[in-house]
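# Descriptive structure summary
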Amino acid sequence: MVQFLTINKNNTMKHHIVIYLSVFCLICACKNQDTSISLSATMLQMTIGEIKTITATTTPSSEITWSSSNDSIATVFHGVITSTGIGNAIITASANGAKATCQIYSVDKDGATLLISPAIISIKKGDTYQFICHNVYNLPLTWSSSNESVAIVDNNGFVTAIKGGNSTITVTNNSETVSSIVAVEHTWNDYQLAWSEEFNGSTLDTDTWTIEVNGNGGGNNEQQYYTNRSENLRLNEGCLELEALKETYENREYTSGRINTRGKKAFKYGKIEARISLPSGGGTWPAFWTMGDDWPTVGWPNCGEIDIMEHIGNNPTMVSFALHTKYKNGSKGNNWSSRTYMDGIEESFHVYGIEWQEEAYSGRDKISFTIDDIEYASSTEDVTTIDDNFYWPFNKEHFLILNLALGGNMGGAINDTIFQNSVIMKVDWIRVYQRTEKE
């Protein structure tokens, strides 16, 4: 022991180094001491929106860090877990390198344990896409495509687009089945004239058109009687003329004309246009419209109706567009409709039309309403009811209708002084353009 009292300068420095190393080793030994961590639960079954709390215990006492393997399934904040979606996630508590986990199984409020997302995707021909499937209990899955000519899917939910169109992708775990839609974008050639009616000659082509004769008010409390007389319906100077008259005829005080192509000519998709001069005067209600060709069997409004153009003489600057379906129609007062206002509508020719597009927007049909090639309104099929004819009866053939009504629910009060002049709806032509898909 005396040597510690008699060491020289060099030995003193060595002694200090020994002390420092001893203290450093002691500190390191404290830091490397094992930390253990445990959780109050290692597995939780939860329902979306539910909140549960777990506690973590560490030895020795340490600061804890929390994390979730998938925040879209479950989030965590200081042990407070919130279920956010269908699927499974792992909640991890960490302290000094030690970890403990809790497995979360999160189901929907109705008990559903399977979810595919997104609900619809739009991709191009030749593209691929992998669906995300949340499978709470990791059960074996089986995938299928409803239309393999449009898209195919493998056992991992990996989709390949083949050609334009829609296909429903379905996945099942043998107890639950869910599905999504793959919308493969169409690539179209240019529009070509598919059919036209120029109204040339001296008589209406009855191989294409039926002249309606009735006084039933069209279901709209209209006041006219539709006749097949030349006084009400004729071809004149390259135009169809529908003329309304004030006269007593059968059970009505007014007469007019109406024609349709039902059972003779029908169309599905394309551009449908007519060059029309509208009459003026309170109570006039001219229209250019379509109904589903299955009207005789399913009736209205199940067949669907597209009002390409309606005009009300009591509102002389207004043009109306509308759609009618089983669940949304004029009788219920909840149908889709739109109006535009412009000067110079009456007594002058304008081209009224629609562009009726198949699966134009993320696999959904779209109908755009135009005047003189300018779009004024549009309606798109709902993603939740694709191809459901009760909600969107516009993926089938429709026939054409032209008429000049008087009064009724939309036409309103008739001003008899208008008949001091001719009240005529003139139609120069109707043309239908369609297109084919590129190979």
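Residues numbered from 1 in each chain as written. Predicted model: local features only at pLDDT ≥ 70, side-chain atom pairs only at ≥ 80, totals over all residues. Heavy atoms only, no water.

## A closer look at the side chain of His-350
Within the element layout of this structure, His-350 appears in strand E32 (residues 349-361). There is a polar contact of 2.9 Å between the side chain of His-350 and the backbone oxygen of Gly-344. At 2.8 Å, the side chain of His-350 forms a polar contact with the side chain of Asp-372. Ignoring any residue separated from it by four or fewer positions in sequence, one finds His-350 in contact with Ala-274, Arg-275, Ile-276, Gly-344, Ile-345, Ile-371 and Asp-372. (Helix = DSSP H or I, 4+ residues; strand = E, 2+ residues; numbered from the N terminus. Polar contact = N/O pair within 3.5 Å; in protein donor to acceptor, adjacent residues only side chain to side chain. Contact = heavy atoms within 4.5 Å.)

## Concerning the layout of surface pockets
Taken as a whole, the largest pocket encloses approximately 840 Å³ of empty space. Taken together, 34 residues make up the lining of the largest pocket; nearest its centre are Gly-218, Asn-220, Trp-289, Trp-300 and Glu-305. When residues of the lining of the largest pocket are traced back to their parent elements, those giving at least two are strand E25 (258-260), strand E28 (284-292), strand E29 (305-311), strand E30 (318-324), strand E31 (337-341), strand E35 (398-406) and helix H4 (408-411). Residues belonging to the lining of the largest pocket are distributed by class as follows: 12 nonpolar, 14 polar and eight charged. By volume, the second largest pocket amounts to about 280 Å³. Around the second largest pocket, the lining comprises 13 residues; the ones closest to its centre are Lys-328, Thr-380, Asp-382, Tyr-391 and Trp-392. Its residues placed into classes, the lining of the second largest pocket shows five nonpolar, five polar and three charged. (1 Å grid on protein atoms, 1.4 Å probe; cavity = no way out; pocket = protein on both sides within 12 Å on 5 of 7 lines; lining within 4 Å. Points joined across faces, edges and corners; volume = space filled by probe spheres on them. Nonpolar A, V, L, I, M, F, W, Y, C, P; charged D, E, K, R; others polar.)

## Topic: the pairing of strand E16 (residues 158-161)
Of the two faces of E16, only one is covered, namely that formed by Val-159 and Ala-161; the face formed by Phe-158 and Thr-160 stays uncovered. Relative to E16, strand E12 (residues 128-130) runs antiparallel, the two being bridged by three bridges. The residue bridging Tyr-129 from the neighbouring strand is Val-159, located in E16. By the bridge criterion, three bridges tie strand E15 (residues 151-153) to E16 in an arrangement that is antiparallel. Looking at the pairing, Ala-151 lines up with Ala-161 of E16. Counting the residues that bridge the hairpin from E15 to E16 gives four residues, and of these Gly-157 lies at a positive phi of roughly 80°. (Buried < 20%, exposed > 50% of the residue type's maximum accessible area, 1.4 Å probe, protein only. Pairing = 2+ DSSP bridges.)

## Focus on the sheet that holds strand E7 (residues 80-83)
In spatial order, the strands read E3-E7-E6; together these three strands make up an open sheet with antiparallel pairing. Every interior strand has two partners, whereas the edge strands, strand E3 (51-53) and strand E6 (74-77), have only one. For this sheet, the mean inter-axis angle between neighbouring strands, taken without regard to orientation, is 20°. Pairing of E6 with E7, which is carried by four bridges, proceeds in the antiparallel orientation. Residue pairing across strands places Ala-74 opposite Ser-83, the latter belonging to E7. (Axes fitted to C-alpha atoms, helices over the stretch in contact; angles between N-to-C directions.)

## What about the packing of aromatic side chains?
For any pair of aromatic rings, the description rests on two quantities: the centre-to-centre distance and the angle between the ring planes. Applying the stated criterion across every chain yields a total of 12 aromatic pairs. Taking 5.3 Å as the distance between ring centres and 35° as the angle between the ring planes, the aromatic pair formed by Phe-321 and Phe-369 counts as tilted. Linking Phe-321 in strand E30 with Phe-369 in strand E33 (residues 364-371), this pair joins segments that are 48 residues apart in sequence. Residue classification places Phe-321 among the buried residues on the basis of a relative accessible area of 0%. With a relative accessible area of 0%, Phe-369 lands in the buried category. Each ring, one from Tyr-327 and one from Phe-390, has its centre 6.1 Å from the other, and the planes form 85°; the classification is edge-to-face. Residue Tyr-327 is located in the loop between E30 and E31, and its partner Phe-390 is located in the loop between strand E34 (374-380) and E35; the two are separated by 63 residues in the primary sequence. Phe-390 sits in the partly exposed class, given a relative accessible area of 35%. (Phe/Tyr/Trp six-rings, centres within 6.5 Å; stacked < 30°, edge-to-face > 60°.)

## A few points about the pattern of salt bridges
In total, this model carries nine salt bridges according to the counting rule given. Linking Arg-234 and Glu-241 is a salt bridge whose minimum nitrogen-to-oxygen distance equals 2.9 Å. Using a relative accessible area of 23% as the deciding quantity, one classes Arg-234 as partly exposed. Through salt bridges that share partners, Arg-234, Glu-241 and Glu-243 make up one connected network. (Salt bridge = Lys/Arg side-chain N within 4 Å of Asp/Glu carboxyl O.)

## Quick word on the confidence of the model for the protein
Here the protein averages 92 in pLDDT, while 92% of its residues score no lower than 70. For the stretch residues 1-32, pLDDT sits under 50, and the model shows two contacts to residues farther than four places along the chain or on other chains. (pLDDT = per-residue confidence, 0-100.)

## Remarks on unusual backbone geometry
In this structure, Pro-60 follows Thr-59 across a cis peptide bond, with omega equal to -10°. Mapped onto the elements, Pro-60 comes out in the loop between strand E4 (56-59) and strand E5 (65-68). Residues Trp-300 and Pro-301 are joined by a peptide bond in cis, for which omega reads 10°. Mapped onto the secondary structure, Pro-301 falls in the loop between helix H3 (295-298) and E29. Phi at Tyr-269 takes a positive value of approximately 70°, unusual for a residue other than glycine. Mapped onto the secondary structure, Tyr-269 falls in the loop between strand E26 (266-267) and strand E27 (270-277). You will see that Asp-387, though not glycine, has its phi angle at about 65°, which is positive. As for its position among the elements, Asp-387 is in the loop between E34 and E35. The exposure class assigned to Asp-387 is partly exposed, which follows from its relative accessible area of 46%.

## A short note on the nonpolar core
Leu-240, Ile-276, Leu-402 and Ile-430 are the most contacted members of the largest nonpolar core, which has 46 residues in total. Core analysis: the second largest hydrophobic core is formed by 19 residues, Ala-74, Val-76, Ala-89 and Ile-91 among them. (Core = buried A, V, L, I, M, F, W, Y, C linked by side-chain atoms within 4.5 Å.)

## Overview of the environment of Gly-87
Mapped onto the elements, Gly-87 comes out in strand E8 (residues 87-95). Judged by its relative accessible area of 1%, Gly-87 falls in the buried class. Expressed as a C-alpha distance, the spacing of Gly-87 and Ile-104, which sit 17 residues apart in the sequence, is 8.3 Å. If near-sequence neighbours (up to four positions away) are discounted, Gly-87 is found in contact with Ile-73, Ile-104, Tyr-105, Ser-106, His-134 and Val-136.

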